[in-house]
Number of protein chains: 2
Amino acid sequence: MAKARRLVAIALRVAAAAAAGVAAIVMATSHETTTVFGMQVEAKFQYTPSLVFFVSANAIACAYSLLVLLVPPATSPAAKLVLVADAMIGMVLTGAVAAATAMSDLGKNGNSQARWLPICGQIPSFCDHVTGALACGFVAVVLHFIALLYSIYTMDG
Amino acid sequence: MAKARRLVAIALRVAAAAAAGVAAIVMATSHETTTVFGMQVEAKFQYTPSLVFFVSANAIACAYSLLVLLVPPATSPAAKLVLVADAMIGMVLTGAVAAATAMSDLGKNGNSQARWLPICGQIPSFCDHVTGALACGFVAVVLHFIALLYSIYTMDG
């Protein structure tokens, strides 16, 4: 029983780490150069603070999910600390995905009231990269949350 | 001892509810009409999906923090359910604050690479309202996280 629980916990953490790691890498490698009205335009994730936050948060979540595997399973004080860290990482990760999604939506649809034009028509490959990274980021949030639920479920039992 | 703990928990929840409630109200009442180049421009939170998300998430967090006071204190199964709900609300609230902050930053500073111009110069009162709401939202996130820590700390003890 204890062994089966440990295996489920390990599988969840590894899956969450993989999703977050892939999200960070796909976002970090997104890059496109295009020419608009004779002007060269370069699209990089570094130009948008929310996307930089996305890469950092996913990299941190990936490292955390792997490191937490080193913590011996559910003895009470350690289990509580892991729960606190899980909640914190979950909040930061969700914040990063939400901010990056807001920016991606703006890139796709613009905001006519603010006169911010959509730009994905000019940099489609960059936008596809960002969308792929966001999808991985969502998966990472869901897997992280399931791992958190599992820590709560297996606590003291 | 149990009574003192209960009082601290109630104080934290009420404070978190108040911060989230004020954040939602301040954001929801932000509104400004101005004239730019002879054109009437109206600024409303409803025009930006992230700000709508901010108002909804803060309203939900406010209602949740008050409702959770009705749950009898820390018997194990109920305490675990509250912890799960706390984590979920914490993630949604952080996501909302992060997305709204990303939009507010864009309104203030723009993004020259995407050719999105800052708009706060034209609608300063709207931007001040949004900044005030964001400050309350940050306080709500911190208070909610402290309440979550306190639930973990007082679990089974």
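Quick caveat, the model's predicted, so the values are computed rather than measured.

Participant: Teacher, can you tell me more about the state of the cysteines here?
Facilitator: As used here, a disulfide is simply a covalent bond connecting the sulfur atoms of two cysteines. Residues and elements named next belong to chain A. Counted by the stated rule, this structure contains two disulfides over all chains. The side chain of Cys120 participates in a disulfide bridge whose partner is Cys127; the two sulfur atoms lie 1.9 Å from each other. Around the S-S axis, the bridge from Cys120 to Cys127 shows a dihedral of about -80° and counts as left-handed. In this structure Cys120 comes out as buried when scored by relative accessible area, which is 13%. For Cys127, a relative accessible area of 12% gives the class buried. Not part of a disulfide, Cys136 finds its nearest cysteine sulfur in Cys62, a span of 12 Å.

Participant: Sorry if this is basic, but what is going on with the packing of helix 1 (residues 2-28) of chain B against helix 4 (residues 124-154) of chain B here?
Facilitator: The relative placement of two packed helices comes down to the angle between their axes together with the axis-to-axis distance. All names here are of chain B. For the pair helix 1 and helix 4, interaxial distance at closest approach is 8 Å and the crossing angle is 160°. The pairing of helix 1 with helix 4 is recorded here as roughly antiparallel in orientation. Judged by the sense of rotation from one axis to the other, the crossing of helix 1 with helix 4 is left-handed. Its residues placed into classes, the contact of helix 1 with helix 4 shows 21 nonpolar, six polar and two charged.

Participant: Just checking my understanding: could you explain the interface of chain B and chain A for this structure?
Facilitator: Interfaces are often described in size by the accessible area the parts lose on coming together. At the junction of the two partners, chain B supplies 39 residues and chain A supplies 39 residues. Interface area for chain B against chain A, summed over the two sides, is near 3200 Å², with a carbon-plus-sulfur share of 72%. Three residues, Met91(B), Trp116(B) and Ile152(B), lead the burial of chain B against chain A; their summed loss comes to 22% of the area buried on that side. Across the chain B-chain A interface, the total number found is zero salt bridges. The interface formed by chain B and chain A includes 13 residue pairs in polar contact (both at pLDDT 80 or more). Per-element tally for the side of chain B that touches chain A: the top contributor is helix 3 (residues 76-109) of chain B, with 16 residues. Residues belonging to the side of chain B that touches chain A are distributed by class as follows: 25 nonpolar, nine polar and five charged.

Participant: I'm lost on the pattern of salt bridges in this one. Help?
Facilitator: Residue and element names in this part refer to chain A. Within this structure, the stated rule accounts for two salt bridges over all chains. Here Arg13 makes a salt bridge to Asp86, at a shortest N to O gap of 2.8 Å. One end of the pair, Arg13, is in helix 1 (residues 2-28); the other, Asp86, is in helix 3 (residues 76-109), and 73 residues separate them in sequence. For the pair formed by Arg13 and Asp86, the shared burial category is buried.

Participant: Quick question: what am I supposed to make of the packing of aromatic side chains here?
Facilitator: Aromatic ring pairs are reported here in terms of the distance separating the ring centres and the angle at which the planes meet. Residues and elements named next belong to chain A. According to the stated counting rule, one finds two aromatic pairs over all chains in the structure shown. Considering the side-chain rings of Tyr150 and Tyr153, the 6.1 Å spacing of their centres and the 45° angle between planes classify their relative orientation as tilted. One end of the pair, Tyr150, and the other, Tyr153, are both in helix 4 (residues 124-154), three residues apart, so they sit about a helical turn from each other. Exposure remark for Tyr153: the relative accessible area of 53% places this residue in the exposed category.

Rules used in this analysis
- Residues numbered from 1 in each chain as written.
- Chains lettered and ligands numbered in written order.
- Predicted model: local features only at pLDDT ≥ 70, side-chain atom pairs only at ≥ 80, totals over all residues.
- Heavy atoms only, no water.
- Disulfide = S-S within 2.5 Å.
- Buried < 20%, exposed > 50% of the residue type's maximum accessible area, 1.4 Å probe, protein only.
- Axes fitted to C-alpha atoms, helices over the stretch in contact; angles between N-to-C directions.
- Helix = DSSP H or I, 4+ residues; strand = E, 2+ residues; numbered from the N terminus.
- Parallel < 35°, antiparallel > 145°, perpendicular 65-115°, else oblique.
- Left-handed = near helix turned anticlockwise from the far one by under 90°.
- Nonpolar A, V, L, I, M, F, W, Y, C, P; charged D, E, K, R; others polar.
- Contact = heavy atoms within 4.5 Å.
- Buried area = accessible area lost by both parts, 1.4 Å probe.
- Salt bridge = Lys/Arg side-chain N within 4 Å of Asp/Glu carboxyl O.
- Polar contact = N/O pair within 3.5 Å; in protein donor to acceptor, adjacent residues only side chain to side chain.
- Phe/Tyr/Trp six-rings, centres within 6.5 Å; stacked < 30°, edge-to-face > 60°.

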